[in-house]
Amino acid sequence: MESWKPKYSPWVTAWPVLMAVFMFALNETISNVALAYIAGSLSISMNESTWIITSYLMASGIAIALVGFMTKLLGRKMLLICAVLMFTISSLFCACSQSMVMMVLSRFLQGIGGGALLPLGQAIILETFPPNERQKAMAVFGLVFIIAPIIGPILGGWITENYCWQWIFIIDIPLGIICALWVNKIVEDPPYARKQKNVTIDYKGITFLSLWLISMQVVLDKGNDADWFGSTWICWLTAFSVICAIIFVITQFSKHNKEPLLNLKILFDGTYFWGTFIQVILMAVFLASATLLPSMLQNLMGYTSYLSGLSLGTRGVGNIVALITYFIISKKLGDRSIAAIGLFFLGLGSWYFGMINLEINLSSIAFPNICYGIGIFFALTPLVPLSCCTLDNKELTNASSLQNLLKNTGGAIGTSISTTMISRFSQVHQNMMVGHLNFFNDVYMEKLNSAVQNLSSSHDMGTAYMMAQGQMYSELIKQSHLWGYIDTFRWFAVATFLLIPLLLFIKKPKQKLN
């Protein structure tokens with residue numbers, strides 16, 4: 001193999017790459033706190049606004065699967081530049097969006113560009129640094145990837161509150177231009193990552209993977225509004241999605257496909273399968289909670305976008321606590337034990353959210369978010385290497401791509417399903433509560449008469465009575481929605497706790513993982 005050494009210092013090369021990764025990670029969470037404002041501006045419901053999140057996650061998952069062959073087709077440096085430019089241009093489209101369709105398509109393109117940044121950045125940093133410095137480099141890489149999602153909600157809330165939501169996308173434009181020019185100047189391709197000739201492209205795999213994931217996401221996002229399988233088009237689209245999924249799997253296992261898009265045979269490895277399955281459910285719970293929490297705080301409790309973003313930012317405190325603690329306990333506990341502790345903290349945070357009410361303060365929101373921060377760090381840090389410990393080195397690139405695709409898909413599916421859960425649970429509780437609003441309920445009548453007396457000072461009795469009934473019904477709607485969130489978070493807790501026993505299916509590595 002041709003000897004290769006980068007022209008610039010590894011740390012000089014790392015900065016533009018880290019900037020690209022920071023942009024991608026920042027945009028995973030920066031729009032969460034602005035969903036209510038975007039929904040109002042585009043005249044869409046809160047359920048429909050989750051498309052802004054899920055389209056980005058789904059597109060980035062597809063992009064991750066395409067990185068391998070696109071690197072051969074364009075070369076790694078050129079692919080990184082193209083990804084940054086696509087991300088930047090689509091950010092401009094997001095800011096200019098005047099309709100739901102344009103916003104979702106723009107976010108999808110942004111996800112396609114952004115999804116390639118993470119695996120490309122990780123590969124460049126690992127290969128640029130000598131082996132004795134890789135630990136430091138990956139520590140900085142991990143720190144950037146942790147800090148960006150923490151800053152996202154806080155920055156997004158502050159920008160939305162003081163300017164307008166369009167600016168959360170406009171700030172990407174100068175950063176993207178600087179990043180692309182910086183990458184073009186500094187980053188170099190090693191011989192094995194340069195553009196190759198006669199590249200075999202798995203067109204069938206790309207086509208059916210995209211059709212499967214996109215159609216499935218439409219079903220999940222629109223199913224609740226369309227009454228699920230009571231709607232003919234939902235039934236047909238579900239069947240189409242299932243058929244595309246089956247064809248995609250068949251093409252990847254086909255003997256005639258010499259270079260499949262993803263080698264799915266590694267899923268037969270039990271350790272990899274269960275490790276990946278746990279991470280998929282983990283990311284579904286974590287990303288869904290990050291989407292639901294700001295909408296709950298803003299719509300039910302009157303928080304501003306900045307305060308709701310600040311509450312999510314406390315997850316970073318949990319990350320820092322976990323980072324410090326990890327170096328202490330990792331020498332004494334096994335990796336599976338640490339992952340179990342992480343899952344327990346995630347479940348604890350979800351269960352704590354399942355006991356909230358409308359009178360809690362910001363500090364009460366902070367504690368479960370800190371649990372989330374501790375849990376996600378403790379769970380993912382050992383699980384990623386644990387799940388791949390039984391694979392050969394030559395399989396790691398494919399394993400990483402497949403795992404990240406499934407995690408992003410899981411996050412998108414979790415976000416979509418959680419909004420449906422809230423809607424359905426709210427309807428159930430509203431149906432239960434409305435039966436208590438009758439003239440035979442002494443508590444209801446006492447509250448109603450009190451409201452009538454307060455309003456009668458400025459309105460006639462008939463108007464005051466109607467307004468009082470409206471106030472009582474508005475409170476019922478608010479409480480039913482609160483219980484929808486409570487039930488959803490409790491199911492998150494149950495799902496997370498049930499993952500802990502599955503860690504027993506993951507084999508212990510022969511040597512302690514770093």
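Chains are numbered independently. Their residues run from 1 in the order of the written sequence. In view of the model being predicted, local features appear only for residues whose pLDDT reaches at least 70, and side-chain atom pairs are presented and counted only at 80 or more, with totals across whole chains, interfaces and linings using the full set of residues. Hydrogens and water molecules were not included; the side-chain quantities draw on all heavy atoms of the structure.

Helix and strand assignments come from DSSP, with helices taken as H or I runs of at least 4 residues and strands as E runs of at least 2, each series counted from the N terminus. Secondary structure assignment for the protein chain yields 20 helices and zero strands. C-alpha atoms define the radius of gyration, and 2.2 Å times the number of residues to the power 0.38 defines the globule rule. Relative to the compact-globule value of 24 Å for 514 residues, the protein chain shows a C-alpha radius of gyration of 25 Å, a close match. In terms of overall dimensions, the protein chain has C-alpha extents of about 90 × 50 × 45 Å along its principal axes. Three labels apply to residues, based on accessible area from a 1.4 Å probe with only protein chains included: buried if under 20% of the type maximum, exposed if over 50%, partly exposed otherwise in between. The buried share of the protein chain, reckoned over its 514 residues, is 51%. The contact definition used throughout considers only heavy atoms, calling two residues in contact when any of these lie within 4.5 Å. Put simply, 82% of the contacts in the protein chain that link residues at least 6 apart link residues at least 24 apart. Areas reported here follow the Shrake-Rupley algorithm with a probe of radius 1.4 Å; residue values treat only the protein chains shown as occluding. Summing over all exposed atoms, the protein chain offers an accessible surface of approximately 23800 Å²; the carbon and sulfur share of this is 66%. Put simply, the protein chain has 31 plus and 24 minus side-chain charges, and the middle of one group is 15 Å from the middle of the other. His is not counted, nor are the chain ends, whereas Lys and Arg count as positive and Asp and Glu as negative. For this purpose, a charge sits on NZ of Lys, CZ of Arg, CG of Asp or CD of Glu.

The way to describe two aromatic rings as a pair is by their centre distance and the angle between their planes. Here is the rule: rings of Phe, Tyr and Trp (six-membered ring for Trp) pair when centre to centre is within 6.5 Å. Planes less than 30 degrees apart are stacked, more than 60 are edge-to-face, and the remainder are tilted. Summed over the entire model, instances satisfying the criterion amount to 18 aromatic pairs. With a centroid separation of 6.5 Å and an interplanar angle of 15°, the aromatic rings of Phe273 and Phe277 are classed as stacked. On the criterion of helical spacing, the pair formed by Phe273 and Phe277 is a turn pair, its members being four residues apart in helix α13 (residues 270-301). A relative accessible area of 34% means that Phe273 is categorised as partly exposed. Sitting over a ring, as applied to charges here, requires NZ of Lys or CZ of Arg to be within 6 Å of the ring centre and within 35 degrees of the ring normal. In this structure, Arg315 packs its charged tip against the face of Phe286, placed 4.9 Å from the ring centre. A cation sits over an aromatic face here: Arg315 above Tyr372, 4.4 Å from the ring centre.

The next thing to look at is the layout of surface pockets. Think of a 1 Å grid over just the protein atoms. A cavity is a set of points where a 1.4 Å probe fits yet cannot get out, a pocket is an open set with protein on both sides within 12 Å along at least five of seven lines, and lining residues have an atom within 4 Å of a point. Grid points are joined across faces, edges and corners, and a volume is the space filled by probe spheres set on the points. Considered as a void within the structure, the second largest pocket measures approximately 480 Å³ in volume. Along the wall of the second largest pocket there are 21 residues; nearest its centre are Trp212, Leu267, Val280, Leu406 and Thr409. The set of elements that each furnish at least two residues to the lining of the second largest pocket consists of α11 (203-222), α12 (232-253), α13 and α18 (396-434). Top contributing element to the lining of the second largest pocket by residue count: α18, with six residues. Polar here means any residue other than Ala, Val, Leu, Ile, Met, Phe, Trp, Tyr, Cys and Pro, which are nonpolar, and Asp, Glu, Lys and Arg, which are charged; Gly is therefore polar. Its residues assigned to classes, the lining of the second largest pocket comprises 18 nonpolar, three polar and no charged.

This brings us to the packing of helix α6 (residues 100-115) against helix α7 (residues 117-128). Across the interface, α6 lies against α7 with an axial gap of 5 Å and an inter-helix angle of 15°. The angle between the axes of α6 and α7 places the two elements in the roughly parallel class. Between α6 and α7, the contacting residues are Gly113, Gly114 and Gly115 on the first element and Leu117, Leu118 and Pro119 on the second. Grouping the amino acids of the contact of α6 with α7 by side-chain chemistry returns three nonpolar, three polar and no charged. Whenever a helix is involved, its axis is fitted only over the stretch in contact; in every case the axis is a line through C-alpha atoms, and angles between N-to-C directions fall within 0 to 180 degrees. Should an angle fall under 35 degrees it is called roughly parallel, over 145 degrees roughly antiparallel, and 65 to 115 degrees roughly perpendicular, with every other angle called oblique.

Turning next to empty space enclosed by the protein. Using the criterion set out here, one finds two cavities of 30 Å³ or more in the structure. Quantified by volume, the largest cavity comes out at close to 60 Å³. Contributing to the lining of the largest cavity are Asn47, Thr50, Leu220, Asp221, Asn224, Asp225, Ser416, Thr419 and Thr420. Looking at the lining of the largest cavity, the elements that each hand over two or more residues are α11 and α18. Top element by residues in the lining of the largest cavity is α18. It accounts for three residues.

Running from N to C, helix α16 (residues 335-353) and helix α17 (residues 362-387) point in directions that differ by 155°, and their axes come no closer than 7 Å. With respect to their mutual orientation, α16 and α17 come out roughly antiparallel. In the crossing of α16 with α17, the sense of the turn from one axis to the other is left-handed. A class-by-class count of the residues in the contact of α16 with α17 yields 21 nonpolar, six polar and two charged. Crossing handedness follows the turn of the near helix against the far one: under a right angle anticlockwise gives a left-handed crossing, and clockwise gives a right-handed one.

This brings us to the nonpolar core. Among the buried residues, those of types Ala, Val, Leu, Ile, Met, Phe, Trp, Tyr and Cys that are joined through side-chain atoms within 4.5 Å form a nonpolar core. Formed by 89 residues in total, the largest nonpolar core has its most connected members in Met103, Leu261, Leu262, Ile278, Leu282 and Tyr372. Per element, the largest residue contribution to this core is 14 residues, and it comes from α13. Sequence-distant contacts of Met103, that is, excluding residues within four places in its chain, are made with Ile38, Leu42, Ile52, Cys94, Ser97, Trp165 and Phe169. The next biggest cluster of nonpolar side chains, apart from the first, holds 30 residues, and it includes Val17, Met19, Ala20 and Val21.

Another aspect to go through is the environment of Leu300. Positionally, Leu300 belongs in helix α13. C-alpha of Leu300 to C-alpha of Leu358: the two residues are 58 residues apart in sequence and 7.4 Å apart in space. The residues contacting Leu300, other than those within four sequence positions of it, are Ser295, Leu358, Lys478, His481, Leu482 and Tyr485.

Turning next to the side chain of Ser426. Take Ser426: it is sitting in helix α18. Under the relative-accessibility criterion, Ser426 is labelled buried at 5%. Beyond its immediate chain neighbours, meaning those up to four positions away, Ser426 contacts Ser480, His481 and Gly484.

For patch detection, residues must exceed 30% relative accessible area and be free of salt bridges, and they are connected within 9 Å for like charges or within 5 Å for nonpolar side chains (Val, Leu, Ile, Met, Phe, Trp, Tyr). Note on definitions: salt bridges are taken to be side-chain nitrogens of Lys or Arg within 4 Å of carboxyl oxygens of Asp or Glu. A cluster of nonpolar side chains, namely Leu85, Met86, Ile89, Leu92, Phe93, Met102 and Leu109, defines an oily patch on the protein surface of about 560 Å² accessible area. Of all the secondary-structure elements, those providing two or more residues to the nonpolar patch are α5 (76-96) and α6. A residue is classified by how much of its surface remains accessible, and Leu109, at 37% relative accessible area, is partly exposed.

Further remarks concern α7. Taking 1.5 Å of rise per residue, the 12 residues of α7 would be expected to cover 16 Å, and the 16 Å separating its terminal C-alpha atoms lies within 8% of that figure. Listed as buried for α7 are Leu117, Leu118, Leu120, Gly121, Ile124, Ile125 and Thr128. Down the axis of α7, the sector holding all buried residues measures 165°, keeping them to one side. Multiplying one less than the number of residues by 1.5 Å gives the expected span of a helix. The arc in question is the one traced by the directions running from the helix axis out to the C-beta atoms.

For the rest of this paragraph, the subject is the side chain of Thr488. You can see Thr488 is positioned in helix α20 (residues 461-499). For Thr488, a relative accessible area of 0% gives the class buried. Residues contacting Thr488, with those up to four places away along its chain left out, are Leu292, Ser418, Met421, Ile422 and Phe425.

Distances and angles like these do not, on their own, reveal function.
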